[in-house]
Amino acid sequence: MSSTNRQHEELLSADRLPFESVFSTVLSGWAFDRRAADGACGPADSGAVRLIWLKSIGRDGVISEPDSEVDDWRSDAPERLHLRAGDILLSSVISGRPKAALVQEANLPAVAVRSLFVLRPAKPLSAEHARLILAFLRSDTVGDLATRTSGQQHLRLSQLKALELPNEDKALSAALADLAAAGQRLGEMAAEAGAVAESVFDRSTSPEEARRLIISTGRLTRLRSLAAAQLDDPGFIIRTRYPYPIALRWRNVEAQTGADGQDDAQAKEYAAVIRAAETLLGYSALLTTALAHEAGITCKAIKAFKGKIATGMGGPGFGDWQRILQQIGSAEGMSDLPPEHPLHELSTLLADEEAEEACQSLGTKRNSRAHGREDLPAVSVSKLNEAHDGLRFLIDRARFLADLQLLDVTNVVWDRHDESDTITLRRLMGDHPVVPTENMRHAGPGRIATSLYLADRDQRLHPLSPFLTCEKCEGCATLSLFHADKEQGVLLQTSLDHGHFYPYRADERALRAVGLR
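Residues numbered from 1 in each chain as written. Predicted model: local features only at pLDDT ≥ 70, side-chain atom pairs only at ≥ 80, totals over all residues. Heavy atoms only, no water.

Enquirer: What should I look at first to understand the environment of Phe-32 in this one?
Expert: On the secondary structure map, Phe-32 appears in the loop between strand E2 (23-28) and strand E3 (49-52). Sequence separation of Phe-32 and Arg-74 is 42 residues, and the distance between their C-alpha atoms is 9.7 Å. Non-local contacts of Phe-32, meaning those with residues more than four positions away in its chain, are made with Leu-51, Trp-53, Arg-74, Val-113 and Arg-114. (Helix = DSSP H or I, 4+ residues; strand = E, 2+ residues; numbered from the N terminus. Contact = heavy atoms within 4.5 Å.)

Enquirer: Looking at this model, I keep getting lost on the environment of Arg-148. Mind explaining?
Expert: You can see Arg-148 is positioned in strand E10 (residues 147-149). Between the C-alpha atom of Arg-148 and that of Val-93, which follows or precedes it by 55 residues, the distance is 9.6 Å.

Enquirer: Teacher, can you tell me more about a negative patch on the surface here?
Expert: Taken together, the side chains of Glu-353, Glu-354, Glu-356 and Glu-357 make up a negatively charged region of the molecular surface. A relative accessible area of 59% places Glu-353 in the exposed class. (Patch = residues over 30% accessible without salt bridge, like charges linked within 9 Å, V, L, I, M, F, W, Y side chains within 5 Å. Areas by Shrake-Rupley, 256 points an atom, 1.4 Å probe, with all protein chains shown as cover. Salt bridge = Lys/Arg side-chain N within 4 Å of Asp/Glu carboxyl O. Lys, Arg positive; Asp, Glu negative; His and termini not counted. Charge placed at Lys NZ, Arg CZ, Asp CG, Glu CD. Buried < 20%, exposed > 50% of the residue type's maximum accessible area, 1.4 Å probe, protein only.)

Enquirer: I'm lost on the packing of aromatic side chains in this one. Help?
Expert: The description of an aromatic ring pair rests on the distance of the ring centres and on the angle between the ring planes. Per the stated rule, a full pass over the model turns up five aromatic pairs. Measuring from centroid to centroid gives 5.2 Å for Phe-19 and Phe-23, while their planes differ by 40°, and the two rings are tilted. The buried category is assigned to Phe-19, whose relative accessible area is 1%. A relative accessible area of 2% places Phe-23 in the buried class. (Phe/Tyr/Trp six-rings, centres within 6.5 Å; stacked < 30°, edge-to-face > 60°.)

Enquirer: Which parts of the structure should I look at to understand helix H16 (residues 381-397)?
Expert: Along an α-helix, residues three or four apart share an orientation, since each turn contains 3.6 residues. A rise of 1.5 Å per residue sets the reference length of H16, with its 17 residues, at 24 Å; its end C-alpha atoms lie 24 Å apart and thus fit the reference within 8%. Of all the positions in H16, only Leu-384, Ala-387, His-388, Gly-390, Leu-391, Leu-394 and Ile-395 are classed as buried. Seen from one end, H16 has its buried residues packed into an arc of 165°, which puts them on one side. Elements that come into contact with the buried residues of H16 comprise helix H9 (234-241), helix H10 (244-257), helix H11 (265-295) and helix H15 (353-370). (Expected span 1.5 Å × (residues − 1). Arc of directions from axis to C-beta.)

Enquirer: I keep staring at the pattern of salt bridges and nothing clicks. Help me out?
Expert: It is possible for side chains of opposite charge to pair when their charged atoms get near one another. Scanning the model with the defined rule gives 23 salt bridges in all. The residue Asp-403 makes a salt bridge to Arg-457 at a minimum N-O spacing of 2.9 Å. Here Arg-457 lies in the loop between strand E16 (452-455) and strand E17 (461-463) and Asp-403 lies in the loop between H16 and strand E13 (405-415), a separation of 54 residues in the sequence. Note on Asp-403: relative accessible area 42%, which makes it partly exposed. Residue Arg-457 is classed as partly exposed on the basis of its relative accessible area of 41%. Among the salt bridges present, the one from Asp-408 reaches Arg-426, with a minimum N-O distance of 2.6 Å. Of this pair, Asp-408 sits in strand E13 while Arg-426 sits in strand E14 (residues 420-427); the two residues are 18 residues apart in sequence, bridging distant segments of the chain. A residue is classified by how much of its surface remains accessible, and Asp-408, at 6% relative accessible area, is buried. When its relative accessible area of 23% is taken as the criterion, Arg-426 is described as partly exposed. What you see here is one network of salt bridges that share partners, running through Glu-340, Asp-456, Asp-458 and Arg-460.

Enquirer: Would you take a moment to explain H11 for this structure?
Expert: With 31 residues, H11 extends 45 Å from end C-alpha to end C-alpha; this agrees with the ideal 45 Å at 1.5 Å per step. Of all the 31 residues making up H11, 24 are buried; the element is thus mostly covered by neighbouring parts of the structure. Backbone geometry just after H11 places Gly-296 at a positive phi near 75°.

Enquirer: Sorry, what's going on with the sheet that holds strand E9 (residues 116-121) here?
Expert: Where strands meet in a sheet, backbone hydrogen bonds hold them as pairs that are either parallel or antiparallel. The strand order E2-E9-E5-E7 describes an open sheet built from four strands, whose pairing is antiparallel. For this open sheet the edge positions go to E2 and strand E7 (100-102), each flanked by a neighbour on one side alone. Shown here is a sheet whose adjacent strand axes are inclined to one another by a mean of 20°, direction ignored. Taken together, the three bridges between strand E5 (residues 88-91) and E7 define a ladder with antiparallel strand orientation. Counted as the bridge partner of Leu-89 is Ala-101 from E7. (Pairing = 2+ DSSP bridges. Axes fitted to C-alpha atoms, helices over the stretch in contact; angles between N-to-C directions.)

Enquirer: Looking at this structure, how should I read the layout of surface pockets?
Expert: Where empty space is left becomes clear once a probe the size of a water molecule has been rolled over the atoms. By volume, the second largest pocket is sized at about 850 Å³. The wall of the second largest pocket is formed by 22 residues, among which Asp-60, Gly-61, Val-62, Arg-138 and Ala-180 lie closest to the centre. Secondary structure elements with two or more residues in the lining of the second largest pocket: helix H3 (127-137) and helix H6 (170-199). Ranked by residue count, the leading element in the lining of the second largest pocket is H6, at five residues. Within the lining of the second largest pocket, the residues separate by chemical class into eleven nonpolar, six polar and five charged. (1 Å grid on protein atoms, 1.4 Å probe; cavity = no way out; pocket = protein on both sides within 12 Å on 5 of 7 lines; lining within 4 Å. Points joined across faces, edges and corners; volume = space filled by probe spheres on them. Nonpolar A, V, L, I, M, F, W, Y, C, P; charged D, E, K, R; others polar.)

Enquirer: What should I look at first to understand the packing of H11 against helix H12 (residues 300-311) in this one?
Expert: Helix-helix packing: each pair is described by the crossing angle between the helix axes and the interaxial distance. As a packed pair, H11 and H12 sit with axes 11 Å apart at the nearest point and diverge in direction by 100°. Between H11 and H12, the angle falls in the class roughly perpendicular. Side by side, H11 and H12 meet where Leu-286, Thr-289, Ala-292 and His-293 of the first sit next to Ile-302, Phe-305 and Lys-306 of the second. Tallied by class, residues from the contact of H11 with H12 come to four nonpolar, two polar and one charged. (Parallel < 35°, antiparallel > 145°, perpendicular 65-115°, else oblique.)

Enquirer: It is not clear to me how the sheet that holds strand E6 (residues 93-94) should be interpreted in this structure. Could you clarify?
Expert: Taken together, the three strands give an open sheet; going across it, the order is E6-E11-E10, and neighbouring strands pair in antiparallel fashion. The outermost strands of the open sheet, each flanked by one partner alone, are E6 and E10. With three bridges joining them, E10 and strand E11 (residues 152-154) adopt antiparallel strand pairing. Residue pairing for E11: Arg-148 is matched across the bridge by Gln-153.

Enquirer: Looking at this model, I keep getting lost on the nonpolar core. Mind explaining?
Expert: Ranked by internal contacts, the top residues of the largest apolar core, which has 76 residues, are Tyr-283, Leu-343, Leu-401, Leu-428 and Leu-468. It is H11 that provides the largest number of residues to this core, a total of 15 residues. Those residues within four positions of Tyr-283 in sequence are excluded, and the remaining contacts are Pro-243, Pro-245, Ile-246, Leu-401, Leu-406, Leu-454, Leu-468, Leu-481 and Leu-496. (Core = buried A, V, L, I, M, F, W, Y, C linked by side-chain atoms within 4.5 Å.)

Here you go:
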């Protein structure tokens, strides 16, 4: 076998596991004889075992609660077929996607019947690994294996045992868990609304009283629905869930869009769009630079940016941010990062032709405006719409930034007994800098300082200083994000939020440590 083929097989084996290495036993559901009346019993009878049918399993993988009026109970189920906590049930008769469920202690005693396979793990599966396997078993990949027999789609045992199952992947499992939790919360809200509607006439005798009860008891449900409906508005998501500098700039765009009574409203709106685009790219590129420095990765554009601050006469601009985002994906060392590392998502922001065209168009408009090559009061509707479309396109591609929390750590207390930090922080997400402080325990590698951090989806903290810093602006006293800048050879700090700038005040040794001085 060639070394290339061997490496390919090793890669596959890292992602997939042979079925029989995960499940030591596969049982077919109990094909009991309904005519054997002696075994039928009630749930309270001695030796009673609940029969779990295919219909007992929901599409969400939840086994229905026992119901003495609906379920069948038997006392003659063979002991070897009794289910155990940790078993996985899989439909052998498939209509649409397969059904699969994890057996819990609360489901026992029980036995699976007909139309179901019982997959018994060789060793206990972690909750994360079980979640991945269940998602895989419910997929079309498994469903497409079924063949039609007697008018139904059947999955054969030999097909099942030939499958390769997903290996453990904590990041993917965590994402699935978050999605399942969100679905459960929405389901609970829907159930609550239904319960309110069904109970109205249990407590009222007139339509007037029923209306009053619906209004009072259903108020929270209605408010939840209104809040959820706003999430269909991209502008609401940007204003409330994006990092502060981007969210604030977008709010300014929306404010200018509604200012029709002003003579120069169109020009102001155009300027707000250009500033928002530059802040989006600047913030993303500075995140990229900070994360790349932490990971020991660089590229030509990052080196050029550092050189401008260290030795140049002028600071970085739109083109510098654009080139950093374009080049980071192919930088040496990127392939060695774990797949959940934030740099991978940042590298996709300008990773195709349409994104590059939108960015280039906005960059050209920005440079023309900055160099006085257009008359702002005469901005055409078509040019304004074109700028708006480009910004919306790029800001939508950057939606992953809503998951990467920007944290301003203001205090750290070390607990030597737990060997962890208790962190006081401000979560700078949304369009307002005044946010409540909160506490978080951090037991990860390395100590935490009072500084600016990026929290990824797994709550790992990545330092952003000195590439990005958070402090009150000397000009307006607003909490702002700053980056190092240069003008005519003078070292400055410039705000991403509102553009205020003044001579660099912090210790320049931090800049030297990362190559910015």
